[in-house]
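Here are the chains, one letter per residue:
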Amino acid sequence: MAFIIAPIGVVWIFITLVSAVFTTDEKAVDTDEITNYIEKIDNFALQEFNDKRQLVYFVEAKKYFNFKQEPALLIDPKIAVYNEKGEKVYILTSKRANYLDNGELKFKGKVDINAGTGVAYKMNAKELLVNTKTNDLTSQKEIIYLDEHATVVAQGMSMKAVEDKIQLIGEISINQDSGQTILTRDLSIDQSNSQKHYYAKSNTTYLASGNKIYAQGIDMNMRKGLVSLLGKVKILQKSGTTIDTKALIIKQSNNNEIYQTKEKVHYQSKVANIYAMGMRYDTKAQTIKLTGGVMGRYE
């Protein structure tokens with residue numbers, strides 16, 4: 001096994017620019033086709049320490065390639081990142097990674113992250129940068145975050161793995177396995193303390209059960225299947241009926257959704273104009289119960 005030890009601040013003489021071998025698909029790199037390297041190491045390993053001689057991270061890879069005018073390439077890398085107490089913050093694995101000349105690691109394609117708290121993350125990345133000085137993970141390019149029951153597409157991300165929190169950046173599409181699609185911006189994912197909490201304060205569109213719902217933000221408890229649509233809410237049905245309200249709760253379970261609110265409701269259809277002080281809407285049964293001082297006019 002090759003073994004390299006380097007302190008923080010050392011200039012990485014053997015690391016330069018960007019590798020053309022790095023691709024975003026799931027196919028393994030054919031290392032036999034790599035011929036322009038100036039150095040090759042099998043069973044590569046590297047440790048880096050801070051100025052207090054504390055281990056910062058440990059890198060292993062099946063193969064290491066060094067190039068004259070491209071960055072070093074790692075095949076099947078595994079990176080363990082440590083905090084000042086010597087505890088693993090997270091372990092990151094992928095098919096391939098590059099060293100950049102600033103000391104960061106860059107990943108493309110499928111990336112698995114296992115945090116020291118026990119939380120696991122899976123994602124596909126056009127580019128994911130690991131800052132080996134701060135332990136933060138960032139990307140300014142498309143990220144596909146693979147949750148247990150949903151796929152989330154974003155335009156970038158930042159992550160503090162030590163906190164089990166991810167900030168997905170830009171336009172967001174949440175595609176749930178049960179068929180719902182949620183469109184919003186700048187989504188936060190908090191998995192600290194065994195929760196799975198999604199939230200955004202941007203305008204949100206919720207598409208499901210033949211309904212299109214507009215809201216001013218979203219708060220989701222993914223473990224309990226509870227969705228809170230925040231602020232002013234407008235439900236548009238295929239029939240043309242509209243329902244205006246606030247603070248709508250959606251309970252997702254058994255391939256059904258129940259919409260509930262205790263706020264004022266304004267229901268408008270081709271034949272009815274109704275005001276109420278609450279609502280329960282069973283989307284599977286297609287029944288709406290309006291409650292609390294219901295007043296209506298029919299044509």
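Residues numbered from 1 in each chain as written. Predicted model: local features only at pLDDT ≥ 70, side-chain atom pairs only at ≥ 80, totals over all residues. Heavy atoms only, no water.

### Some words on the nonpolar core
Filter applied, for reference: Within this scheme, the nonpolar core is defined by two criteria: the residues are buried Ala, Val, Leu, Ile, Met, Phe, Trp, Tyr or Cys, and they are joined through side-chain atoms within 4.5 Å. Note on classification: 1.4 Å probe, protein chains only; a residue is buried when its accessible area is under 20% of the maximum for its type, exposed when over 50%, partly exposed between these limits. Two residues form a contact once any of their heavy atoms are found within 4.5 Å.
Judged by nonpolar contacts, the single largest core of 68 residues is most densely connected at Leu168 and Leu229. When residues no more than four places from it in sequence are discounted, the contact partners of Leu229 are Thr204, Tyr206, Ile213, Ala215, Gly217, Ile218, Ala247, Leu248 and Ile250.

### Re the layout of surface pockets
Applied cut-off: The rule is simple: put a 1 Å grid over the protein atoms alone, call a set of points where a 1.4 Å probe fits but cannot get out a cavity, call an open set with protein on both sides within 12 Å along at least five of seven lines a pocket, and count a residue as lining if it has an atom within 4 Å of a point. Grid points are joined across faces, edges and corners, and a volume is the space filled by probe spheres set on the points. Labels follow the DSSP assignment, with helices taken as runs of H or I lasting at least four residues and strands as runs of E lasting at least two, numbered in each case from the N terminus. In this count, Pro and Cys sit with the nonpolar residues alongside Ala, Val, Leu, Ile, Met, Phe, Trp and Tyr, while Asp, Glu, Lys and Arg are called charged and the others, Gly among them, polar.
Taken as a whole, the largest pocket spans an internal volume of roughly 420 Å³. Together, 25 residues line the largest pocket, and Gln176, Ser178, Gln180, Gln252 and Ser253 are the ones closest to its centre. Contributions of two or more residues to the lining of the largest pocket are made by strand S19 (217–221), strand S20 (226–237), strand S21 (242–253) and strand S22 (256–261). Taken together, the residues that form the lining of the largest pocket break down as five nonpolar, 13 polar and seven charged.

### Points about the pairing of S19
Quick reminder of the rule: Following DSSP output, two strands are said to pair if at least two bridges run between them.
Direction of pairing for strand S16 (residues 197–200) relative to S19: antiparallel, over a ladder of four bridges. Considered in S19, the bridge of Ala200 is made with Ile218. Where S19 and S20 come together, five bridges link them in antiparallel fashion. Across the sheet, the residue bridging to Met220 is Val227, located in S20. Hairpin connection of S19 to S20: four residues between the antiparallel strands, including Gly225 at a positive phi of 65 degrees.

### So, the side chain of Gln191
Cut-off, in case you're wondering: Any pair of nitrogen or oxygen atoms within 3.5 Å is treated as a polar contact; in protein, a donor-acceptor pairing is required on top of that, and neighbouring residues in sequence qualify only through side-chain atoms on both sides.
As for its position among the elements, Gln191 is in the loop between strand S15 (181–190) and S16. The class for Gln191 is buried, based on a relative accessible area of 5%. Among the polar contacts listed, one links the side chain of Gln191 to the side chain of Tyr145, at a separation of 2.9 Å. Residues contacting Gln191, with those up to four places away along its chain left out, are Val119, Ala120, Tyr121, Tyr145, Asp164 and Lys196.

### Side note on the pairing of strand S24 (residues 272–276)
A one-sided burial pattern is seen for S24, the buried positions being Ala272, Ile274 and Ala276 and the unburied ones Asn273 and Tyr275. Of the pairings in the sheet, the one linking strand S23 (residues 265–268) to S24 comprises four bridges and is antiparallel in character. Note that in S24 the partner of Val265 across the bridge is Ala276. Connecting S23 to the next strand, S24, in antiparallel fashion are three residues.

### Some remarks on the side chain of Asp282
What counts here: Counting rule for charge: Lys and Arg are taken as positive, Asp and Glu as negative, and neither His nor the chain ends is counted. For salt bridges, the criterion is a side-chain nitrogen of Lys or Arg within 4 Å of an Asp or Glu carboxyl oxygen.
With respect to the secondary-structure elements, Asp282 resides in strand S25 (residues 278–282). This buried residue, Asp282, is left without a salt bridge; Arg280 holds the nearest opposite charge, at 4.5 Å. Within the structure, the side chain of Asp282 is placed 3.0 Å from the backbone nitrogen of Ala285, a separation counted as a polar contact.

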